[in-house]
Amino acid sequence: MSRQVDYYFSFQSPWAYIGHQPFRDLVTGFDLKVNYKPVVLVDLFSETGGLPLLKRHPVRQRYRMVELQRWRDRRGLQFHLKPAHWPFNARLADGAVIAAIELGLHPDLFLKRGFVAVWEDQLDLADPATVARLADEAGLPGSKLVERSASEAISAAYEQNRQDAITADVFGSPAYVLDDEVFWGQDRLDLLADALKSGRPPYTSDV
């Protein structure tokens, strides 16, 4: 039986973009079942003591820019450090992922195309026409997903993902949860791979 990983992320997150393909490689290599859980980052930050980027101390903002360059080189990517349409409201695009899942469709190709659209192509994922076109290119029913994304049912699912994240001790994007153990950040993928290889029991905290 395939092991399961809960994958918390948002199109807003550059780190989810940077780590998406290595994560997919890991999923394929270990035959994992992925539970995709888009989550609104601003609410998650505020509830767990984090700060939106522009409210962080300049020291932290400068270090983030250095890290983005390091990981851009490490992953062999070419992306903009400050895309033209970032930050943006990710509700529509994140909701389209949830809508695809509800229809029994695999969202991965849309995720890959969406991350590239934001960070490499500098497209606006808050624009319904853009999201619909990207979904179409991924072989999904773009207009239907965009329409469904705006529904109260998808809003409720999005909120449930946030609640699930808090319950699971997730506080940022991307986060990968294996057997209730949280691996936060794409730079923890090697540790996730180690846990999968070893088959060890999950580490826990007594705090």
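Quick note: structure is the one above.
Just so we're clear, the structure is a prediction, and the values are computed from it rather than from any experiment.

Procedures and definitions
- Residues numbered from 1 in each chain as written.
- Predicted model: local features only at pLDDT ≥ 70, side-chain atom pairs only at ≥ 80, totals over all residues.
- Heavy atoms only, no water.
- Helix = DSSP H or I, 4+ residues; strand = E, 2+ residues; numbered from the N terminus.
- Rg over C-alpha atoms; globule rule 2.2 N^0.38 Å.
- Buried < 20%, exposed > 50% of the residue type's maximum accessible area, 1.4 Å probe, protein only.
- Contact = heavy atoms within 4.5 Å.
- Salt bridge = Lys/Arg side-chain N within 4 Å of Asp/Glu carboxyl O.
- Pairing = 2+ DSSP bridges.
- Axes fitted to C-alpha atoms, helices over the stretch in contact; angles between N-to-C directions.
- Parallel < 35°, antiparallel > 145°, perpendicular 65-115°, else oblique.
- Nonpolar A, V, L, I, M, F, W, Y, C, P; charged D, E, K, R; others polar.

## Section: the overall build of the protein
A tally of helices and strands in the protein yields 9 helices and 4 strands. Secondary structure of the protein in N-to-C order comes out as β-α-β-α-α-α-α-α-α-α-β-β-α. Against the 2.2 N^0.38 benchmark of 17 Å for 207 residues, the protein shows a C-alpha radius of gyration of 17 Å, consistent with a compact globule. Taken along its principal axes, the extent of the C-alpha atoms in the protein is 45 × 45 × 35 Å. Every one of the 207 residues in the protein was classed for burial, and the buried ones make up 45%. Taking all contacts inside the protein whose residues are at least 6 apart in sequence as the whole, residues at least 24 apart take part in 73%.

## Regarding the pattern of salt bridges
Taken as a whole, this structure holds 11 salt bridges when the rule is applied. Taking the shortest distance from any N to any O, the salt bridge between R3 and D179 comes out at 2.5 Å. Of this pair, R3 sits in the segment before β1 (4-9) while D179 sits in the loop between β3 (175-178) and β4 (181-184); the two residues are 176 residues apart in sequence, bridging distant segments of the chain. On the basis of relative accessible area, D179 is assigned to the partly exposed category, the value being 39%. The closest approach of N and O atoms between E137 and R133, which form a salt bridge, is 3.0 Å. In this pair, E137 and R133 both sit in helix α6 (residues 128-137), 4 residues apart, roughly one turn of the helix. Accessibility expressed as a relative area gives 38% for R133, which makes it partly exposed. Three or more residues joined by partner-sharing salt bridges are found here, namely R113, D121, R133 and E137.

## With respect to the sheet that holds β4
Each strand in a sheet pairs with another by means of backbone hydrogen bonds, the pair being arranged parallel or else antiparallel. Taken in spatial order, the 4 strands of this open sheet run β2-β1-β3-β4, and their pairing is mixed. Strands at the two margins of the open sheet, each flanked by one partner only, are β2 (33-38) and β4. Going across the sheet, the axis of each strand differs from the next one's by a mean of 20°, ignoring polarity. Taken together, the 6 bridges between β1 and β2 define a ladder with parallel strand orientation. Among the inter-strand pairings, V5 is bridged to a residue of β2, identified as V34. Lying over the sheet, helix α1 (residues 14-30) contacts β1, β2 and β3, oriented at roughly 170° with respect to β1.

## Things to note about the packing of α1 against helix α9 (residues 189-198)
Where α1 meets α9, the axes come as close as 11 Å, and the angle between the chain directions of the two elements is 5°. Between α1 and α9, the angle is such that the two are roughly parallel. For the pair α1 and α9, the contacting residues are G19, P22, F23, L26 and F30 in the first and L189, L192, A193, L196 and K197 in the second. Considering only residue class, the contact of α1 with α9 consists of 8 nonpolar, 1 polar and 1 charged.

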